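Structural features, examined
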Amino acid sequence: MTTITSSCASWQNDRQLGFQSCPWPAGQQVREVLKITPLGTEREEAMAKLQKAGIQGSYGANQSIFYCDVWRREDSIWHINVALLFDENNVIYATMPDIDGQMVESPKSAKGKPVMNQNAAEPTQNATSDDPFLQ
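In this report, the structure presented in the accompanying data block is examined. Predicted, not measured: the structure shown is a model, and the values here were computed from it. (Residues numbered from 1 in each chain as written. Predicted model: local features only at pLDDT ≥ 70, side-chain atom pairs only at ≥ 80, totals over all residues. Heavy atoms only, no water.)

What follows is about the pairing of strand β2 (residues 55-59). Of the pairings in the sheet, the one linking β2 to strand β3 (residues 65-72) comprises five bridges and is antiparallel in character. For I55, the partnering residue across the bridge sits in β3 and is W71. (Pairing = 2+ DSSP bridges. Helix = DSSP H or I, 4+ residues; strand = E, 2+ residues; numbered from the N terminus.)

In structure tokens form, the structure reads like this:
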């Protein structure tokens, strides 16, 4: 009964917070997730950090990709669209989309490329055009 009550309370709280599309464009979503779990972070540590930050998601079939779907914030719940790619050593080596918010042909081609340019200008994309659930 406690589980049902807490689940109902959580659902009511989620409704009050309001589920919405992330106001950030894809590139900024990636940058913000990488602040929490930078490239090179091991899987177990990454999952703990994501959970602590309120980011939820699910693994792909072989657990080489973790799809970050929901970010619970203090005042809202955002839908985000960032995938973390893990290599054979279980460390994050790339994201999809990439740091510029672009989909790459092959995530494996991201290996060995520079992580990110910290001085890069913010993208000027419209956040809603990047959200596949709003199209």
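Here the focus is the pattern of salt bridges. Following the criterion strictly, the structure yields two salt bridges and no others. Salt-bridge contacts for E32 lead to K35; the nearest nitrogen and oxygen are separated by 3.2 Å. With E32 and K35 both in helix α2 (residues 26-36), this residue pair falls three residues apart, about one helical turn. Accessibility expressed as a relative area gives 17% for E32, which makes it buried. With relative accessibility at 61%, the residue K35 sits in the exposed group. Among the ionic pairs, K49 bridges to E45, the shortest N-O distance being 2.9 Å. Here K49 and its partner E45 are both found in helix α3 (residues 43-53), four residues apart, which amounts to about one turn of the helix. The exposure class assigned to K49 is partly exposed, which follows from its relative accessible area of 32%. (Salt bridge = Lys/Arg side-chain N within 4 Å of Asp/Glu carboxyl O. Buried < 20%, exposed > 50% of the residue type's maximum accessible area, 1.4 Å probe, protein only.)

Nothing here speaks to function; it is all geometry.
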